[in-house]
Every structure is written in C-alpha cells, then in structure tokens.
Amino acid sequence: ETGVTQTPRHLVMGMTNKKSLKCEQHLGHNAMYWYKQSAKKPLELMFVYNFKEQTENNSVPSRFSPECPNSSHLFLHLHTLQPEDSALYLCASSQDLENYEQYFGPGTRLTVT
Amino acid sequence: GNSVTQMEGPVTLSEEAFLTINCTYTATGYPSLFWYVQYPGEGLQLLLKATKADDKGSNKGFEATYRKETTSFHLEKGSVQVSDSAVYFCALSESGANNLFFGTGTRLTVIP
C-alpha cells in the first residue's frame, strides 16, 4: 500500500466503550498528525508527533489518548467519549515539521451514541 | 492571531463554468498560503500553494494568487468539470507544517 491509510473507516461506539483508531504511513515521513473534522468548522489540529515524540497537544480532552510507537504508525485511543465527539478523524504525515505539505489519510468516521 | 475565512458554499456550477472560491486570511507575519481539496471518501490533498506575495500557485487548471494588499488567496478555474466536485480548503502557515490553519471548506458540485 502507498500513502496514508486509516482503519477503521467507520466506527460506531457507545459512550462507555474503549476503541482505537489506527493510522499508517508508507511515505518515510517523520511527522504525523491527528485532526478532527466537524461539519461547518475548520479542521482542528489535535496532536503532532515528530520522530515519535509528541510536540503538540492542542488542549485535547484526556478521553483522547494518542500513541506513536514508531514514525510510521499513529494511534488514537478513545475512552468514554461524548456524542459531540462524533466527527471525521483525519491522520496526516509530512516529511518533517518544516515541510508544509501534509499527506492525509481518508479518515475514520466516528459516531458516538 | 492566524485565521482563514472562505466562502461557505455550497457552490453548484454547470460544467465548463468559471469558478471562484474566495479566501481571505489574517496573519501576524508573512504566511505561506495553500489550497487543499478533499474528494468524496478521501483525505485532503494539496492542490496548490504560494509562499510569498504576488506568487501564483497553479495545478490541474486551478490558480490562486497571493495578494498581500487584500490579504486574499482566491481560487479560480476557467472551466470546471464534473470531476472537480469536492470540498476545497484554504489554509495558511507561518512556521511549518505543524501550524497549518484551515478554513471551514467550500463544497463544490459541478453538474453536467
């Protein structure tokens, strides 16, 4: 596979469930990102990792927990979410933090019931 | 602070019509400007970019000119196709990839 892949593509979970989103990039990039895309709102940057180290956490609630075991993989662990967390979660990667071009995955459509 | 404002849409055009999607920005310094496109069921893709005033970015028949005097980066295409139907995002960055600020997106639908 090439580019940035995300699994699952769709996820429905209850407020008491624990689930994880997975992102994998096959581009040899060093930086990876999680974004939240909600209807009629700008993309919200959630987390940034550079060489597996978290460099940014944009005041994201602790019910979202990222994990970056290596430069190619990024996870978002979800626990006790709220209905307002329903959104499209996008993963992206870039060569490094100075390179403006980010490559995005197709996203995971999350619905919290 | 940094922000991007783009026309809300949705925009519906007939094939071969002229397209303009307006984008204006607010920045504290001298940002780089971008247009990203999101086709149905896919992630965002970089469409074009401009890194300094008066630069013109172009790709796939789309163009946008970095206008510092009007703080704008409007996207244009002379003749749209059905395959251009997508959501278009204007974005800016002042200091690299980890500081991209996106607009809310404009959905374009082109009908045959």
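Calculation notes
Residues numbered from 1 in each chain as written. Chains lettered and ligands numbered in written order. Predicted model: local features only at pLDDT ≥ 70, side-chain atom pairs only at ≥ 80, totals over all residues. Heavy atoms only, no water. Helix = DSSP H or I, 4+ residues; strand = E, 2+ residues; numbered from the N terminus. Rg over C-alpha atoms; globule rule 2.2 N^0.38 Å. Contact = heavy atoms within 4.5 Å. Areas by Shrake-Rupley, 256 points an atom, 1.4 Å probe, with all protein chains shown as cover. Lys, Arg positive; Asp, Glu negative; His and termini not counted. Charge placed at Lys NZ, Arg CZ, Asp CG, Glu CD. Core = buried A, V, L, I, M, F, W, Y, C linked by side-chain atoms within 4.5 Å. Buried < 20%, exposed > 50% of the residue type's maximum accessible area, 1.4 Å probe, protein only. Disulfide = S-S within 2.5 Å.

Caption draft 1: Just the overall build of chain B, in detail. Counting its regular elements, chain B contains zero helices and twelve strands. Ordered by position from N to C terminus, the α and β elements of chain B give β-β-β-β-β-β-β-β-β-β-β-β. Taking 2.2 N^0.38 as the reference for a compact globule, 112 residues should give roughly 13 Å; the C-alpha atoms of chain B span a radius of gyration of 13 Å, in line with that estimate. By its C-alpha atoms, chain B is 40 × 25 × 20 Å across when sized along the principal axes. Taking the contacts inside chain B whose residues are at least 6 apart along the sequence as the reference set, 56% of them involve residues at least 24 apart. Summed over all atoms, the accessible surface of chain B reaches about 5000 Å², with 47% contributed by carbon and sulfur. The positive charge centre, built from 8 side chains, and the negative charge centre, built from 11, are 5 Å apart in chain B.

Caption draft 2: The environment of Met13(A), seen in detail. Residues and elements named next belong to chain A. With respect to the helices, strands and loops of the structure, methionine 13 is situated in strand 2 (residues 10–13). Separated by 98 residues in sequence, methionine 13 and threonine 111 place their C-alpha atoms 6.4 Å apart. Leaving out residues up to four positions away in the same chain, methionine 13 has contacts with Lys18, Lys19, Leu78, Leu81, Leu110, Thr111, Val112 and Thr113.

Caption draft 3: How the structure looks around the nonpolar core. The biggest cluster of nonpolar side chains holds 26 residues, and the ones touching the most others in it are Leu19(B), Trp35(B), Leu47(B), Leu48(B), Phe73(B), Leu75(B) and Tyr88(B). Of all the secondary-structure elements, those providing two or more residues to this core are strand 2 (11–14), strand 3 (19–21), strand 4 (23–26), strand 5 (32–38), strand 6 (44–50), strand 8 (62–65), strand 10 (86–93) and strand 12 (106–111) of chain B. Of all the elements, strand 10 of chain B adds the most residues to this core, at four residues. Leave out the neighbours within four places in its chain, and Leu75(B) touches Leu19(B), Thr20(B), Ile21(B), Trp35(B), Leu47(B), Leu48(B), Phe62(B), Glu63(B), Ala64(B) and Tyr88(B). Formed by 22 residues, the second largest nonpolar core is a distinct cluster that contains Leu11(A), Leu21(A), Val60(A) and Leu81(A).

Caption draft 4: Spatial organisation of the state of the cysteines. Residues and elements named next belong to chain A. Tallying each qualifying case throughout the model produces two disulfides over all chains. Across the disulfide from cysteine 23 sits cysteine 91; the S-S distance is 1.9 Å. Taking the torsion about the sulfur-sulfur bond, which here is approximately -75 degrees, the covalent link between cysteine 23 and cysteine 91 counts as left-handed. On the criterion of sequence distance, the pair formed by cysteine 23 in strand 3 (residues 18–25) and cysteine 91 in strand 9 (residues 87–94) is long-range, its members being 68 residues apart. Across the pair, exposure class does not vary: cysteine 23 and cysteine 91 are buried alike. Cysteine 68 carries a free sulfur, and the closest cysteine sulfur to it, the one in cysteine 91, is 9.0 Å from it.

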